[in-house]
Amino acid sequence: MKRWLTLSVPAVLLGGASAFAQEVQEFPSSEIVVTAQKRAENIQDVPLAITALSASAMTQANVSDGTDLQRVVPSLNMTRGSGGTIIPFLRGVGNPSTGQGNEASVATYIDGVYYQRAAPIYFQFNNIERVEVLKGPQGTLFGRNAVGGVIHIVTRDPGDETVLQAEMGYGNFKTMDGRFYLGGRIAEGIAMDLGVLYHYQNDGWGKNVVTGRDYGFDRALSIRSKLVLEPTDNTSIKLIGDYLRSNSTIGIPALGYAGTTQGSQVPPFREYRPEDVGFYDIRANREPRVGGHSWGISGELRHDLGFADLVSISAYRRSRDELKIDNDYTERDIVFLDLPTVRKQFSQEFQLVSHPGSTFDWVVGLYHLDLDSKHVPAIFSGLAFGGAQRLIYGGQKVESNAGFGQATFHLGPNTNITGGLRYTEDKVSVDGRTDVLSPTNVLTTGTRIRLNSKFSKLTWKATLDHHLGEDVMVYASYSRGFKAGTYRMTPVTTDPVARPEVLDTYEIGAKTALFDRRLILNGSIFYNYIKDPQVTRFLNVGAGGSAVSYVNAGSADVKGIEVEGTAIVSRELRLNFGATVLEAKYRDFRGAPFVDPNPNPPYGNGSTYQGDASGNYSTRAPKLTFNAGFEYRVDTDVGEFGLTSNVYYNDGFYWDPDNFTRQKSFTLVDAGLEFKPAALDHLRVRVWGKNLTDKKYYIQEVEVAGPNGNPSSPGAPRTFGGSIALEF
């Protein structure tokens with residue numbers, strides 16, 4: 001008899017995913033295990049808003065990279081930044097800058113390791129077991145910049161059985177995809193796997209109207225391997241290595257945002273409108289792109305001490321990024337930015353985790369992190385500099401140390417109370433200068449600037465949960481998280497450091513399994529208060545240059561409601577749905593960066609001035625998002641057919657604190673059809689389509705003072721394709 005092993009496709013549910021590894025006639029209880037509290041637990045028993053997606057669920061939901069997660073997690077706004085990294089906003093909390101040295105307000109972890117900058121391809125690993133989205137501050141157990149939440153990618157462990165998977169796909173824009181996975185036991189107590197992913201999009205979504213070359217393409221290679229050792233019954237060791245190479249033009253702001261204009265930095269002045277070229281086209285005399293390579297190694301040691309497990313997680317990562325931007329956005333060679341960056345990261349974490357069945361559940365730990373990001377150097381060139389080059393050297397180092405602990409006390413068979421504390425101390429320093437290389441190769445060395453700051457913060461969590469029955473749990477929580485302060489790096493100036501942002505969240509929620517577990521319905525109501533939220537501003541610093549800077553608003557708040565669920569309608573049909581309603585506003589933001597359109601030469605925008613954004617809507621926080629989808633599977637004499645579809649709606653949002661540019665509401669429709677032939681049970685054939693209505697929308701907008709205006713980047717047009725997969 002056929003068994004289904006899938007998370008409800010494509011979305012799962014708030015506070016928990018509903019997976020039914022089952023014979024559908026019997027509907028036994030779901031058992032999705034997550035590690036949101038540093039221990040394996042059924043997701044429905046965790047008093048925390050979590051969404052979890054398995055690898056198969058992401059495949060069925062057409063989640064091909066990190067930016068697709070927002071289509072199945074309504075409270076998540078996930079886009080792609082110019083630095084080749086994802087920009088996550090969760091429940092209206094996030095940070096839009098991918099500038100070097102800055103870190104996201106929603107932290108990304110892979111197998112327990114913090115990633116300062118996460119690439120979209122990280123979500124394409126073909127050895128993913130699940131992705132957990134933890135909502136709200138995770139300032140106790142995760143800590144590092146988890147002010148808005150955590151996205152945790154958990155990869156599978158190779159086991160005793162040999163598993164071989166291979167998949168080849170082809171889509172429009174001459175896109176080729178290949179995936180390979182091999183894992184299994186190689187000796188007694190030793191297992192190993194290898195995953196390889198290749199993605200090559202030959203044709204772009206649009207063209208560079210100046211050079212005629214393709215624009216809007218994405219190419220990547222990823223290799224990842226895990227070695228699992230069990231030298232004794234009480235000890236396990238996991239060693240992980242990965243390598244990533246990428247080359248893309250997606251997410252780099254270029255063409256002006258709809259309804260705005262761009263100009264030129266030097267005479268003769270000309271007005272450029274985005275409507276003059278195609279939505280996916282750009283105007284540049286030199287090709288922008290983002291790429292680079294990175295590699296990393298990590299190790300996890302777990303030893304059973306009898307009363308608790310001792311866990312050590314060590315990790316090192318090194319990356320080199322290449323970002324090239326035609327920063328005048330015209331056919332003239334006025335400003336070109338070449339921004340190579342080297343990043344190094346080392347982290348060490350120790351945990352002591354109690355065993356299940358203890359009088360109370362507890363975990364304590366220590367955490368250390370070193371981050372080093374620097375330009376080597378960044379080069380500004382073009383007519384705006386009179387034939388000279390600006391060589392920008394800038395580096396930021398962060399040393400972070402923390403101690404943490406959390407305990408859950410059982411006040412009876414149905415009631416628990418959880419408390420946790422974390423103390424973090426950050427040391428942040430920046431070192432840089434700007435040199436000038438004349439047209440005759442005479443070098444003028446700039447003044448060296450060194451700045452440093454130290455921050456410390458106590459964060460916490462308190463939760464009360466109560467089971468009203470076997471399948472109904474309610475909870476209330478209060479938690480605090482914070483994001484570390486940061487300096488401006490491109491270029492380094494004497495601007496004061498952006499202060500840490502601190503978020504307090506008050507939340508009540510419920511997790512339910514109704515009608516013999518045929519309906520999983522979960523929801524929560526929450527209130528976020530953010531003190532000193534960090535806000536990005538993009539400056540025109542003269543002579544054609546632009547820079548990323550950071551300021552602090554006084555305060556902001558977010559009021560929200562979330563509901564997600566899954567329903568089994570019949571043996572063949574499952575439905576899923578989810579919705580998030582937000583009201584996110586700045587409570588106090590006097591001195592906010594404002595710009596006004598400039599209708600006169602040199603066009604674009606005027607100069608930055610200080611305005612009052614108090615009462616304005618926060619950036620990238622739509623009032624309403626929802627998704628609804630289904631999965632329909634049926635057995636026939638020739639094989640099993642599966643049809644899936646999902647609709648995602650976004651009510652629109654403002655890109656900047658002055659609320660000048662707004663993303664209009666948009667709807668994305670995806671679908672997939674899968675066939676597993678009865679005669680070849682190792683084979684799977686699948687066709688898919690994303691954004692089937694070919695809706696035009698944006699994934700990036702930058703508001704810049706001066707002629708650059710509001711450069712933007714479009715979201716993907718309609719894409720479709722097919723794949724053939726084998727599994728043994």
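Note that the structure is a prediction, hence the values are computed from the model and not measured.

**A few points about the sheet that holds strand β10 (residues 149–155)**
Either a parallel or an antiparallel arrangement is found when strands of a sheet pair, and the pairing is made through backbone hydrogen bonds. One open sheet holds the 5 strands; their spatial order is β3-β9-β10-β7-β8, and the pairing between them is mixed. The sheet terminates laterally at β3 (50–54) and β8 (113–115), the two strands that pair on one side only. On average, adjacent strands in this sheet sit at an angle of 20° to one another, irrespective of strand direction. Judged from the 3 bridges that link them, strand β7 (residues 106–110) and β8 form a sheet pairing that is antiparallel. Counted as the bridge partner of Thr108 is Tyr115 from β8.

**As for the packing of aromatic side chains**
Inspection of the entire model under this criterion finds 22 aromatic pairs. When the ring of Phe666 is compared with that of Tyr697, the centres are 4.8 Å apart and the planes differ by 5°; the resulting orientation is stacked. Of this pair, Phe666 sits in strand β40 (residues 666–677) while Tyr697 sits in the loop between β41 (683–690) and β42 (698–701), and the two are 31 residues apart along the sequence. With a relative accessible area of 4%, Phe666 lands in the buried category. Judged by relative accessible area, Tyr697 falls into the buried class, the value being 5%. Every member of this aromatic cluster is reached through a ring pair, and the members are Trp205, Tyr257, Phe279, Tyr280, Phe653, Trp655 and Tyr698. Sitting over the ring of Tyr617, Lys585 keeps its end group 4.9 Å from the ring centre.

**Some words on the pattern of salt bridges**
Summed over all chains, the structure comprises 42 salt bridges. In this structure, the salt-bridge partner of Glu129 is Arg130, at a minimum N-O distance of 2.4 Å. We classify Glu129 as partly exposed; its relative accessible area is 37%. When its relative accessible area of 9% is taken as the criterion, Arg130 is described as buried. The partner of Arg302 in a salt bridge is Glu300, with the nearest N and O atoms 3.7 Å apart.

**Quick notes on unusual backbone geometry**
Here the bond from Pro267 into Pro268 is cis, since omega is -5°, no more than 30 degrees from zero. Note on placement: Pro268 falls in the loop between β17 (235–248) and β18 (289–304). Between Val376 and Pro377 the backbone carries a cis peptide bond, its omega angle lying at -20°. Structurally, Pro377 is set in the loop between β21 (360–375) and β22 (378–381). Even without a glycine there, the phi angle at Lys174 is positive, about 50°.

**Re the pairing of strand β36 (residues 624–635)**
For strand β33 (residues 573–588) and β36, the ladder comprises 9 bridges, and the chain directions are antiparallel. Of the residues in β36, the one forming a bridge with Gly578 is Asn627. Bridge count between β36 and strand β37 (residues 639–650): 11 bridges; the pairing is antiparallel. Bridge pairing in β37 places Ala628 opposite Val647. Hairpin connection of β36 to β37: 3 residues between the antiparallel strands.

**Overview of the confidence of the model for the protein chain**
On average, residues of the protein chain score 90 in pLDDT, and 94% of them are at 70 or above. Within the model, pLDDT remains below 50 along residues 1–30, and this stretch shows 120 contacts once partners closer than five positions in the same chain are excluded.

About the criteria used
Residues numbered from 1 in each chain as written. Predicted model: local features only at pLDDT ≥ 70, side-chain atom pairs only at ≥ 80, totals over all residues. Heavy atoms only, no water. Pairing = 2+ DSSP bridges. Helix = DSSP H or I, 4+ residues; strand = E, 2+ residues; numbered from the N terminus. Axes fitted to C-alpha atoms, helices over the stretch in contact; angles between N-to-C directions. Phe/Tyr/Trp six-rings, centres within 6.5 Å; stacked < 30°, edge-to-face > 60°. Buried < 20%, exposed > 50% of the residue type's maximum accessible area, 1.4 Å probe, protein only. Lys NZ or Arg CZ within 6 Å of the ring centre and 35° of its normal. Salt bridge = Lys/Arg side-chain N within 4 Å of Asp/Glu carboxyl O. pLDDT = per-residue confidence, 0-100. Contact = heavy atoms within 4.5 Å.

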